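A look at the structure
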Amino acid sequence: MNFAPFVAVLFLSCSGVSNTPLKTFDDFLPQPAIGPSKKFDEQSWQYFLQHLPVKKGAIVDYKGNAVANQMKQDGIIQYDVGTADLQQCADALMRLRAEYLFSQKRYNEIAFHFVDGTYYTYDAYCKGSRIIPGKKLSFVSLDPCFKTHETLRKYLNTVYCYASTISLAKELKNTNEFAVGTVIIHPGSPGHCFIIIDEALDDVGTKIFKLVEGYSPAQSIYVLSNLDEPEISPWYHLAKGTITTASCKFIDYEMGKFE
């Protein structure tokens, strides 16, 4: 395995998501001396990532318990983690992509490959195609359902069972550019990944980036803090070669993006 997790211990209290309007990361934390974020069209994937709903609080696992390492995060993305150990690192990025497409009513584009190559679409799920658990992947036809956020979550829970960093790496289009939407991924069992959600310029004109990830066991999706450069946290300077974040060291990795 070519990446190594870092561990720090800090327990914080946690609270549920309120019913007040969702706010973005910039509403909560002061910014370092940087230029404005790069601008994108409001309907774009990049704009969606820049404006993810974020709150202050603790990373909690699928049981609702605060995880040990709270120093790795600088904000919690306000999407539920579920009640089973399913939504881990690659799953978290698939969740973000599915939420974006759902928000744009691009339902027919919500689809992911499994590790075995099976291509399973949200449209097929809503038409009644369900997986029968077993050693060999097989499907059964049930009653169709409506395209609602509840059925989206049920579809994604199925995807999480059969997809991983291995299948996600194959799903992505290769890129050599650090930019909003770029995924850094080490495919494997275990593997790990994160996605760039924002980019700007620091006070000397160098590009800096905000990063988001999920983790195992299934836990909140969160904005990564920068422990090596706390003066610009949660922003990161990124360069080719070894990438060290608050949770992992990436030595052997691929760079890709959702098409």
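Residues numbered from 1 in each chain as written. Predicted model: local features only at pLDDT ≥ 70, side-chain atom pairs only at ≥ 80, totals over all residues. Heavy atoms only, no water.

1. Concerning the nonpolar core
Defined as follows: Working definition of a nonpolar core: buried Ala, Val, Leu, Ile, Met, Phe, Trp, Tyr and Cys residues. They are joined through side-chain atoms within 4.5 Å. Only protein chains enter the area calculation, which uses a 1.4 Å probe; residues under 20% of their type maximum are buried, those over 50% are exposed, and those in between are partly exposed. Where helices and strands are cited, they refer to DSSP runs of H or I of at least four residues and of E of at least two residues respectively, numbered from the N terminus. We call two residues contacting when some pair of their heavy atoms lies within 4.5 Å.
In this structure, Leu49, Leu96, Ile110, Phe112, Tyr155, Leu168 and Ile195 are the most contacted members of the largest nonpolar core, which totals 44 residues. Taken together, the elements giving at least two residues each to this core come down to helix H1 (45-50), helix H2 (89-103), helix H3 (122-126), helix H4 (149-162), helix H5 (165-171), strand E9 (183-186) and strand E10 (192-201). Setting aside its immediate chain neighbours within four residues, Leu168 contacts Ala90, Leu93, Met94, Ile185, Cys193 and Phe258. By size, the runner-up hydrophobic cluster in this structure holds 20 residues, among which are Phe194, Tyr215, Tyr236 and Ile243.

2. Some words on the packing of aromatic side chains
In plain terms, the rule: Only Phe, Tyr and Trp rings take part, Trp by its six-membered ring, and two of them pair if their centres are within 6.5 Å. Stacked means planes under 30 degrees apart, edge-to-face means over 60, and tilted covers everything else. As a reminder, the over-ring test applies to NZ of lysine and CZ of arginine, requiring each to be within 6 Å of the ring centre and within 35 degrees of the ring normal.
Under the defined criterion, the tally for this structure stands at 13 aromatic pairs. Pairwise contacts between aromatic rings join Phe114, Tyr120, Tyr122, Tyr125, Phe139, Tyr155 and Tyr162 into one cluster. Lying over the aromatic face of Trp45, Arg97 brings its terminal NZ or CZ to 4.9 Å of the ring centre.

3. So, the confidence of the model for the protein
When pLDDT is low, close inspection of the predicted coordinates is not appropriate. Our working definition: What pLDDT reports is the predictor's confidence in each residue, on a scale of 0 through 100.
Averaged over all residues, the pLDDT of the protein is 89; the fraction at 70 or higher stands at 87%. Taken as a whole, residues 1-23 scores under 50 in pLDDT and shows 55 contacts with residues more than four places along the chain or in a different chain.

4. Some details on the pairing of strand E11 (residues 207-213)
The test is simple: Only strands that DSSP links by at least two bridges are regarded as paired with each other.
Taken across its seven residues, E11 has six buried, putting it largely inside the fold. Relative to E11, E10 is paired through six bridges, and the arrangement is antiparallel. Bridge pairing in E11 links Ile195 to Val212. In this structure, E11 lies alongside strand E13 (residues 235-236), joined through two bridges in antiparallel fashion. In the strand pairing of E13, Phe209 is matched with Tyr236. By the bridge criterion, two bridges tie E11 to strand E12 (residues 222-224) in an arrangement that is antiparallel. If you follow Glu213 over to E12, its bridge partner there is Tyr222.

5. Notes on the pairing of strand E7 (residues 138-141)
Here four bridges tie strand E6 (residues 129-132) to E7, and the two strands are oriented antiparallel to one another. Note that in E7 the partner of Ser129 across the bridge is Ser141. The loop that links E6 with its antiparallel partner E7 comprises five residues.

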